[in-house]
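Results of the structural survey
So you can see what is in the structure, the chains are spelled out below.
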Amino acid sequence: MPAMTDPMDALVQYQEAFARGLIPVQPGIANRDILVARDDPNDKPRFSYMQAQHRTLMVLVMLVQIGWDEEGPIFEVGYAVAPEFRGRGLAVQTLAAALDELSAGLARAKVPMMTIEAVVGAGNLSSERVALAIFGEAPTSITDEISGEPALLFRKVIACERGTGLRR
């Protein structure tokens, strides 16, 4: 059975492409300290938010649109911090800034609400702390659909506004 999706794998791949200048990025609008890239792998909109030091990615946050419900688009979020930059609060800071950026962009497109979800492996305490800081609510215990492993589902509906105040 496959393992749970690991956002660190994406950070490693992004780092290689980013260092070679292959990922077209632009500074954030609501937060100029983050870099933003958008693409559509598998015909699903993906928004990537990064903090970098020169050509080295410190943190990567990815939001992939996985569907729609009555509230609006649903995004699954993944995040990873390069080992040498861990313990500095960068995941919470970048995820909050990413949600602020995405919310402001959706507000400009007249989308009133969005839902974000994060699936965190049971026992991944660092990732769980990040999710608790952002989602602010207790998760639901689930079994990960891909790996069959125990996991936690964090879910939050966010009003899309310019300058949501999600940044910390």
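Rules and cut-offs
- Residues numbered from 1 in each chain as written.
- Predicted model: local features only at pLDDT ≥ 70, side-chain atom pairs only at ≥ 80, totals over all residues.
- Heavy atoms only, no water.
- Pairing = 2+ DSSP bridges.
- Helix = DSSP H or I, 4+ residues; strand = E, 2+ residues; numbered from the N terminus.
- Contact = heavy atoms within 4.5 Å.
- Axes fitted to C-alpha atoms, helices over the stretch in contact; angles between N-to-C directions.
- pLDDT = per-residue confidence, 0-100.
- Core = buried A, V, L, I, M, F, W, Y, C linked by side-chain atoms within 4.5 Å.
- Buried < 20%, exposed > 50% of the residue type's maximum accessible area, 1.4 Å probe, protein only.
- Salt bridge = Lys/Arg side-chain N within 4 Å of Asp/Glu carboxyl O.
- Expected span 1.5 Å × (residues − 1).
- Polar contact = N/O pair within 3.5 Å; in protein donor to acceptor, adjacent residues only side chain to side chain.

1. Considering the sheet that holds strand β6 (residues 113–121)
Here eight strands make up an open sheet; going across it, the order is β1-β2-β3-β4-β5-β6-β8-β7 and the pairing mixed. Of all strands in the sheet, those bounded by a partner on one side alone are β1 (26–27) and β7 (140–143). Alignment of strand β2 (residues 35–39) against strand β3 (residues 46–53), held across five bridges, turns out to be antiparallel. Along β3, the bridge assignment pairs Ala37 with Ser48. Taken strand by strand, helix α1 (residues 7–19) contacts β2, β3, β4 (56–69) and β5 (72–81), and its axis lies near 120 degrees from that of β4. On top of the sheet, helix α2 (residues 90–108) reaches β3, β4, β5, β6 and β8 (150–159); it is set at about 45 degrees to β4, its chief contact.

2. Things to note about the pairing of β2
The side chains of a regular strand alternate between the sheet's two faces. Pairing between β1 and β2: two bridges, direction antiparallel. Among the inter-strand pairings, Pro27 is bridged to a residue of β2, identified as Leu35. Between β2 and β3, which pair antiparallel and follow one another directly, the connecting turn spans six residues, one of which, Asn42, has a positive phi of 55 degrees.

3. A word on the pairing of β4
Sheet analysis places β3 next to β4, joined by eight bridges and oriented antiparallel. In the strand pairing of β4, Ala52 is matched with Leu57. The antiparallel pairing of β3 with β4 creates a hairpin that spans two residues between the two strands, and His54 there sits at a positive phi of about 60 degrees. Two elements, β4 and β5, share 10 bridges in a ladder whose sense is antiparallel. Each residue of the ladder has a partner; that of Gly67, found in β5, is Ile74. What sits between the antiparallel neighbours β4 and β5 is a turn of two residues.

4. Topic: the confidence of the model for the chain
Per-residue pLDDT for the chain has a mean of 91; in total, 95% of the residues score no lower than 70. For residues 164–168, every residue scores under 50 in pLDDT, and the model assigns this stretch 17 contacts once sequence neighbours within four places are set aside.

5. Quick notes on the nonpolar core
One recurring pattern in soluble globular proteins: nonpolar side chains tend to sit buried together. By size, the foremost hydrophobic cluster in this structure holds 51 residues, and its most contacted members are Tyr49 and Leu63. No other element matches the 11 residues that α2 contributes to this core. Those residues in contact with Leu63 that sit more than four places away from it in its chain are Pro45, Arg46, Phe47, Tyr49, Phe75, Glu76, Val77, Ala98, Leu99, Leu102 and Ile116.

6. Observations concerning unusual backbone geometry
Unusually for a residue other than glycine, Asn42 sits at a positive phi of about 55 degrees. Here Asn42 is to be found in the loop between β2 and β3. Backbone geometry at Asp43 places phi at a positive 60 degrees, although glycine is not the residue there. Position of Asp43 among the secondary structure elements: in the loop between β2 and β3.

7. Re the pattern of salt bridges
Summed over all chains, the structure comprises four salt bridges. Three or more residues joined by partner-sharing salt bridges are found here, namely Asp69, Glu117 and Arg155.

8. Concerning α1
The end-to-end C-alpha distance of α1, which contains 13 residues, comes to 18 Å, matching closely the 18 Å that a straight helix rising 1.5 Å per residue would cover. Buried within α1 are the following residues: Met8, Ala10, Leu11, Tyr14, Gln15, Ala17 and Phe18. Elements that come into contact with the buried residues of α1 comprise β2, β3, β4 and β5. Of the residues that open α1, the one with a side-chain oxygen 2.9 Å from the backbone nitrogen of Met8 is Asp6. Where α1 terminates, the next one or two residues include Gly21, which has phi positive at roughly 75 degrees.

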